[in-house]
Amino acid sequence: FASAVEKDAAMETKLRAQLSELRKQTAVELAELRAQLAEAQEKTVTAELSLRAELVEAKSKTAASEAQLRTQLAELRGQLTEAEESAFASAVEKDAAMETKLRAQLSELRKQTAVELAELRAQLAEAQEKTVTAELSLRAELVEAKSKTAASEAQLRTQLAELRGQLTEAEESAFASAVEK
């Protein structure tokens, strides 16, 4: 039993020594890990501060660039507006000149049309007068022709009646002569 108790005591002492050694190693490793963690945290903070500084600088540069671009854009818009206004004014002047020119051409065309229309009306009146004169003349000729035709027809009927009369006398004479024979 004593030997078993000694063995247990020796084992316990040995285990306590191992536990103590393990605690020392763990404490050392833990201290190293804490040092590494502190160093990593310090690096992280430094990197974060550096990144934040870079971000602030980038934002500042971006804001400055944006302000500069907006200024340039405003200047360009101003120039463009002036150019547009100039072009618009030029276009308006050209339109006004073109309108004046077209109005003059339209007025000239109206005058020419009025002259041509008056000439055509005169020609139409003259043609109508000639037509009426020709129609009257043709009607007079037609009446004269009808009158001559009626006179000729009457004369021809008279001659025909005379010829029939003579023919009838000749036939009667010939018939009488044939009867006698």
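So, here's what we can say about the structure.

Reading the values: rules and limits
Residues numbered from 1 in each chain as written. Predicted model: local features only at pLDDT ≥ 70, side-chain atom pairs only at ≥ 80, totals over all residues. Heavy atoms only, no water. Helix = DSSP H or I, 4+ residues; strand = E, 2+ residues; numbered from the N terminus. Rg over C-alpha atoms; globule rule 2.2 N^0.38 Å. Buried < 20%, exposed > 50% of the residue type's maximum accessible area, 1.4 Å probe, protein only. Areas by Shrake-Rupley, 256 points an atom, 1.4 Å probe, with all protein chains shown as cover. Lys, Arg positive; Asp, Glu negative; His and termini not counted. Charge placed at Lys NZ, Arg CZ, Asp CG, Glu CD. Salt bridge = Lys/Arg side-chain N within 4 Å of Asp/Glu carboxyl O.

## Some details on the overall build of the chain
- When helices and strands are counted, the chain shows one helix and zero strands.
- Its C-alpha atoms give the chain a radius of gyration of 71 Å, more than 25% over the compact-globule value 16 Å for 181 residues.
- The C-alpha extent of the chain, read off along each of the three principal axes, is 220 × 65 × 15 Å.
- The buried share of the chain, reckoned over its 181 residues, is 0%.
- In the form shown here, the chain has an accessible surface area of approximately 16,500 Å², with 60% of it arising from carbon and sulfur atoms.
- Computed over 25 positive and 33 negative side-chain charges, the inter-centroid distance for the chain is 9 Å.

## With respect to the pattern of salt bridges
- This structure, assessed with the given rule, holds 10 salt bridges.
- K130 is the salt-bridge partner of E126, the closest N and O atoms lying 3.4 Å from each other. With E126 and K130 both in helix α1 (residues 2-180) and four residues apart, this pair spans about one turn of that helix.
- A salt bridge links E144 to K148; the shortest N-O distance between them is 3.2 Å. Residue E144 and its partner K148 are both found in helix α1; the two are separated by four residues, about one turn of the helix.
- In this structure E144 comes out as partly exposed when scored by relative accessible area, which is 43%.

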